[in-house]
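Read off the chains here:
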Amino acid sequence: MAQLPDPTDQLEAEDKAIFDRMASVRAHAEGRARLGEVYVRMFNNPALAGKVGALGEHLRFHGTLPDDIRELIILRFATRQGSGYEWSHHQRPAQQAGVSADTIAELTAGAVPATLPNASQAVLQAVDAVTAKRSIPSGIQDRIVAAYGEAGVVELVVLCGLYATMSYMVFAFDIPIEDGLPTPPDPLR
C-alpha cells in the first residue's frame with residue numbers, strides 16, 4: 001500500500017501559511033476546519049500543492065460556471081471515475097448549491113436526470129465525453145456555450161482535469177475518506 005506521510009508538522013512557515021489559507025478558504029464549502037487529506041498529502045510537495053490549491057480555489061470560488069453546474073460536473077466526474085473520495089467531499093457543496101438529493105442519487109446511478117434544464121444535461125453529457133476521452137459533440141458544446149460561453153466550456157474541461165489529478169492522488173496513495181463525510185455507494189468505494 002503506497003501512502004504518504006502527513007507533512008504538516010514539518011512545513012516551513014511560508015508553506016504552513018499557504019496550507020492554513022487553503023483550509024480556511026475551503027472550510028465553509030466543506031463544513032470542516034481541516035484541509036482535505038488529498039491536499040494534506042499533496043503538501044509533501046508544498047510548491048505543487050499551493051499551485052493545485054490555487055487552481056482549485058479559482059475554479060470552485062471564482063469560476064465562470066454557476067455553483068450548481070460546477071457541483072454537477074464534479075459529482076458526474078467522480079461517479080464516472082469511481083472516485084468515492086470526491087463524491088463524498090462534494091455532497092455538502094452540491095446541496096449548498098441547490099442540487100437536490102434526487103438529482104444527486106440519479107447522477108450517482110449514472111443517469112442524466114430528465115428534470116434538469118437542457119444546459120445542465122449538456123454539461124453532464126460533456127463530462128461523459130471527457131471521461132471517455134472523446135471529443136465533446138458539437139451540438140452539446142453549442143448548448144453549453146449558449147448558456148455559459150466558451151469560457152464555461154473550457155472551465156468544464158479544466159474542472160475534469162483538476163479532479164482527475166485529485167483522484168489520481170487518492171488512488172495512488174490510498175488516501176481514505178475522512179470521518180464525518182458521507183459514505184459513497186459500493187461502486188464508488
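On a predicted model such as this, the values are computed, not experimentally measured, just so you know.

Student: Mind showing me how you'd approach the domain arrangement of the chain here?
Tutor: Buried accessible area, meaning the area lost when the parts come together, often serves as the stated size of an interface. By domain assignment, the chain separates into domain 1 (13-62) and domain 2 (67-173). Relative to domain 2, the C-alpha centre of domain 1 lies at a distance of 21 Å. Taken together, the 16 residues of domain 1 in the interface contact 17 residues of domain 2. In total, domain 1 and domain 2 occlude about 1,400 Å² of area from one another, counting both sides; carbon and sulfur atoms represent 67% of this. Summed over the three residues of domain 1 that lose the most area to domain 2, namely Val38, Leu59 and Arg60, the buried surface amounts to 47% of that side. Linking domain 1 with domain 2 are zero salt bridges, by the criterion used here. Where domain 1 packs against domain 2, one counts three residue pairs in polar contact (both at pLDDT 80 or more). Looking at the side of domain 1 that touches domain 2, the elements with two or more residues in it are helix H1 (13-30), helix H2 (37-42) and helix H3 (46-61). Class assignment for the residues of the side of domain 1 that touches domain 2 results in seven nonpolar, four polar and five charged.

Student: How should empty space enclosed by the protein be read in this particular structure?
Tutor: Summary: where empty space remains is shown by rolling a probe the size of a single water molecule over the atoms. Throughout the structure, instances matching the rule amount to one cavity of 30 Å³ or more. Roughly 120 Å³ of volume is contained in the largest cavity. In terms of lining, the largest cavity is formed by 14 residues, of which the most central are Glu30, Tyr39, Arg60, Glu86 and Met166. In terms of residue class, the lining of the largest cavity is built from six nonpolar, four polar and four charged. Both domains that furnish three or more residues to the lining of the largest cavity are identified here as domain 1 (13-62) and domain 2 (67-173).

Student: Quick question: what am I supposed to make of the environment of glutamine 125 here?
Tutor: Mapping glutamine 125 onto the fold places it in helix H8 (residues 118-131). As for glutamine 125 and methionine 42, which are separated by 83 residues in sequence, their C-alpha atoms are 30 Å apart. Leave out the neighbours within four places in its chain, and glutamine 125 touches Ile140 and Arg143. Of note is the side chain of glutamine 125, whose polar atom sits 3.4 Å from the side chain of arginine 143.

Student: When you look at the UniProt feature "domain: Carboxymuconolactone decarboxylase-like" (unreviewed entry) in the chain in this model, what are you seeing that I'm missing?
Tutor: Mapped onto this numbering, the UniProt entry annotates "domain: Carboxymuconolactone decarboxylase-like" (unreviewed entry) at residues 47-127. Here residues 47-127 is 74% helix and 0% strand, with 29 Å between the C-alpha atoms at its ends.

Student: Got a minute to help me understand the nonpolar core in this structure?
Tutor: It is characteristic of soluble globular proteins that their nonpolar side chains tend to be buried jointly. With 51 residues, the main nonpolar core has Leu35, Val38, Tyr39, Ile73, Ile144 and Leu156 as its most contacted residues. Secondary-structure elements contributing two or more residues to this core are H1, H2, H3, helix H4 (67-81), helix H5 (84-89), helix H7 (101-108), H8 and helix H9 (138-172). Counting residues per element, this core draws most heavily on H9, at 13 residues. Once residues lying within four places of it in the same chain are set aside, the contact partners of isoleucine 144 are Ala122, Val123, Ala126, Gly149, Val153 and Leu156.

What counts and what doesn't
- Residues numbered from 1 in each chain as written.
- Predicted model: local features only at pLDDT ≥ 70, side-chain atom pairs only at ≥ 80, totals over all residues.
- Heavy atoms only, no water.
- Domains from an automatic or database assignment.
- Contact = heavy atoms within 4.5 Å.
- Buried area = accessible area lost by both parts, 1.4 Å probe.
- Salt bridge = Lys/Arg side-chain N within 4 Å of Asp/Glu carboxyl O.
- Polar contact = N/O pair within 3.5 Å; in protein donor to acceptor, adjacent residues only side chain to side chain.
- Helix = DSSP H or I, 4+ residues; strand = E, 2+ residues; numbered from the N terminus.
- Nonpolar A, V, L, I, M, F, W, Y, C, P; charged D, E, K, R; others polar.
- 1 Å grid on protein atoms, 1.4 Å probe; cavity = no way out; pocket = protein on both sides within 12 Å on 5 of 7 lines; lining within 4 Å.
- Points joined across faces, edges and corners; volume = space filled by probe spheres on them.
- UniProt positions renumbered as here; feature names shortened; annotations may be inferred.
- Core = buried A, V, L, I, M, F, W, Y, C linked by side-chain atoms within 4.5 Å.
- Buried < 20%, exposed > 50% of the residue type's maximum accessible area, 1.4 Å probe, protein only.

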